[in-house]
Amino acid sequence: MRRSLALLPLLCLAACAGAQSSLDPAAEQAQSLAGLLTLATWVCGIFYLLVLFFLALSLWRARDRIAKSAMPAIEPSEPATRRALFLWSVLIVGALCVLVTASFLVDRSLAEARARDALQVRVTGHQWWWRLEYRDPASGAWIETANELHLPAGRTARIELGSADVIHSFWVPNVAGKMDVIPGRINSIDVTPHREGWHRGQCAEFCGLQHAHMAFDVKVESGPAFDAWLAAQARVASVPIDAGAARGAQVFASSCAACHAVRGSAAAGRVGPDLTHIATRRSIAAGTLPFSRGALQGWIAQPQALKPGTMMPAVPLEPADADAVGRYLESLR
Ligand code: CUA
């Protein structure tokens, strides 16, 4: 028992690193916020301990008098008491000033990124997935993808947030704070990642049945790697060479194209995510399942079992057709 209690403090450290933690910052903005959080924790922690210390001290001193039930009233007129009260007030006001100043400075540093030239990204929240569009710096065209946000390290990205239905909240704790995603309005947030790696974004505003499965993968990569990724995403889908995949493309065109787009094919649906390069993504169904042909086939056959309430209807396909669609989607690199 005692040994397991000794392990308790370790539990508190468990959230200090990871793919979805504001305590493991990978961007300038998250770094500032983590600094502010650390400062506030220290200041509040010290005050908490001071209050407990003085409480214990006064109880200990009053022990005898309480025993004799002769507790004297506090005499604020005593010079020593007045001095202590004054000191305590100065300490509290001082600590509050430190917190307010730090908060103001962090706010200024977050706003400062607004003046920079930034990569433009449009993010639209849908029940329950994310539409992502990148402005191609060269051509000015918008390049669409979904559920996997790529960001270049060392460059500021301006993320404009809109909603197609209800209120959502865009949150990648390793990169920045939360920002509400509100229908009929565009909010924007600037992020300047400085460390490469994978993170997890999550909708942070309850938005219906599958709110918890409204996640997305975030990859911070080097500038050249990002440029190569964006150029690949800009390309239309290649025509499948494999016979199975080619058959899958036909099935897809008749069964899925009303909702999903695959650029370069006749599929141009706008209801669900753009699937032009779905095979480059790490997961499907907004972070619900890791990407694999099996997961795709399961998702197509039983979406309501995997994500109850999702707008994706079950698509009844013959086993051979389901296999072909899986092969086709897997070829969309
Ligand atoms: Cu979208 Cu919660």
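Cut-off values and rules
Residues numbered from 1 in each chain as written. Predicted model: local features only at pLDDT ≥ 70, side-chain atom pairs only at ≥ 80, totals over all residues. Heavy atoms only, no water. Salt bridge = Lys/Arg side-chain N within 4 Å of Asp/Glu carboxyl O. Helix = DSSP H or I, 4+ residues; strand = E, 2+ residues; numbered from the N terminus. Buried < 20%, exposed > 50% of the residue type's maximum accessible area, 1.4 Å probe, protein only. Core = buried A, V, L, I, M, F, W, Y, C linked by side-chain atoms within 4.5 Å. Contact = heavy atoms within 4.5 Å. Pairing = 2+ DSSP bridges. Axes fitted to C-alpha atoms, helices over the stretch in contact; angles between N-to-C directions. Phe/Tyr/Trp six-rings, centres within 6.5 Å; stacked < 30°, edge-to-face > 60°. Lys NZ or Arg CZ within 6 Å of the ring centre and 35° of its normal. Parallel < 35°, antiparallel > 145°, perpendicular 65-115°, else oblique. Left-handed = near helix turned anticlockwise from the far one by under 90°. Nonpolar A, V, L, I, M, F, W, Y, C, P; charged D, E, K, R; others polar. Domains from an automatic or database assignment. Buried area = accessible area lost by both parts, 1.4 Å probe.

Asker: Whenever I open this one, the pattern of salt bridges confuses me. Can you help?
Answerer: Charged atoms that come close allow side chains of opposite charge to pair. Under the defined criterion, the tally for this structure stands at 15 salt bridges. Two residues, Asp-24 and Arg-195, come together in a salt bridge whose shortest N-O distance is 3.1 Å. Residue Asp-24 is located in the loop between helix H2 (8-13) and helix H3 (28-67), and its partner Arg-195 is located in the loop between strand S8 (187-191) and strand S9 (197-203); the two are separated by 171 residues in the primary sequence. Assessed through its relative accessible area of 34%, Arg-195 is described here as partly exposed.

Asker: In this structure, what is going on with the nonpolar core? I would like to understand it.
Answerer: Buried together is how nonpolar side chains tend to be arranged in soluble globular proteins. Grouped together as the largest cluster of nonpolar side chains are 29 residues, with contacts concentrated most on Val-121, Val-123, Trp-130, Tyr-134, Leu-149, Ile-159 and Phe-170. Not counting the four nearest positions on each side in its chain, Leu-149 is found in contact with Val-121, Leu-132, Tyr-134, Ile-159, Phe-170, Phe-216, Asp-217, Val-218 and Lys-219. Grouped together as the second largest cluster of nonpolar side chains are 25 residues, Ala-249, Ala-295, Trp-299 and Val-315 included.

Asker: Just to check I follow, could you spell out unusual backbone geometry for this structure?
Answerer: Peptide bonds are trans in most cases, and residues, glycine excluded, mostly fall at negative phi. Of note, the bond from Gln-127 into Trp-128 is cis; its omega dihedral lies within 30 degrees of zero at 0°. By the element assignment, Trp-128 lies in the loop between strand S1 (119-126) and strand S2 (129-135). Phi is positive for Ala-285, which is not a glycine, with a value near 55°. When you line up the elements, Ala-285 lands in the loop between strand S11 (283-284) and strand S12 (289-290). Its relative accessible area of 14% is what places Ala-285 among the buried residues. Despite not being glycine, Ala-286 has its phi angle at roughly 55°, a positive value. Along the polypeptide, Ala-286 turns up in the loop between S11 and S12.

Asker: Would you take a moment to explain the sheet that holds strand S7 (residues 179-181) for this structure?
Answerer: Consider a sheet: its strands pair through backbone hydrogen bonds, and that pairing is either parallel or antiparallel. Sheet architecture is open: five strands sit in the order S4-S10-S9-S6-S7, paired in mixed fashion. Of all strands in the sheet, those with a lone pairing partner are strand S4 (148-152) and S7, marking the two edges. Between one strand axis and the next, the sheet turns through 25° on average, direction left out of account. Pairing between S4 and strand S10 (residues 215-221): five bridges, direction parallel. Its bridge partner being in S10, Glu-148 is matched across the sheet by Asp-217.

Asker: When you look at the packing of aromatic side chains in this model, what are you seeing that I'm missing?
Answerer: Two aromatic rings are characterised by how far apart their centres lie and by the angle between their planes. Within this structure, the stated rule accounts for ten aromatic pairs. These aromatic residues form a ring-pair network of at least three members: Phe-47, Phe-53, Phe-54 and Trp-88. For the cation-ring pair, Lys-178 lies above Trp-171, with the distance from its terminal atom to the ring centre recorded as 4.6 Å.

Asker: What exactly am I supposed to notice about the packing of helix H7 (residues 293-301) against helix H9 (residues 319-331) here?
Answerer: For any two helices packed against each other, the geometry is given by the interaxial angle and the distance between the axes. Close contact between H7 and H9 brings their axes to 9 Å; oriented N to C, the two are set at 125°. Between H7 and H9, the angle falls in the class oblique. Helix-helix and strand crossings are classified by hand; for H7 and H9 the assignment is right-handed. Residue-level contacts link Arg-293, Leu-296, Gln-297 and Ile-300 of H7 to Ala-322, Asp-323, Val-325, Gly-326, Arg-327, Leu-329 and Glu-330 of H9. When the residues that make up the contact of H7 with H9 are grouped by side-chain class, the tally is five nonpolar, two polar and four charged.

Asker: Any chance you could explain the pairing of S1 here in plain terms?
Answerer: In regular strands, side chains alternate between the two faces of the sheet. For S1, a buried count of six out of eight residues is recorded, marking the element as mostly surrounded by other parts of the structure. Note that S1 and strand S5 (residues 157-163) share seven bridges and pair parallel. Of the residues in S5, the one forming a bridge with Gly-125 is Ser-163. In the sheet, S1 pairs with S2 via six bridges, with the strands oriented antiparallel. Residue His-126 lies in a different strand from S2, and its bridge partner there is Trp-129. Counted between consecutive antiparallel strands, the loop separating S1 from S2 contains two residues.

Asker: Just to check I follow, could you spell out the domain arrangement of the chain for this structure?
Answerer: Many descriptions give the size of an interface as the accessible area lost when the pieces come together. The domain architecture assigned to the chain consists of domain 1 (118-234) and domain 2 (243-330). One C-alpha centre belongs to domain 1, the other to domain 2, and the line joining them spans 22 Å. Tallying the contact residues gives 20 residues for domain 1 and 21 residues for domain 2. Around 1800 Å² of area is buried between domain 1 and domain 2 when both sides are counted, 45% of it from carbon and sulfur atoms.

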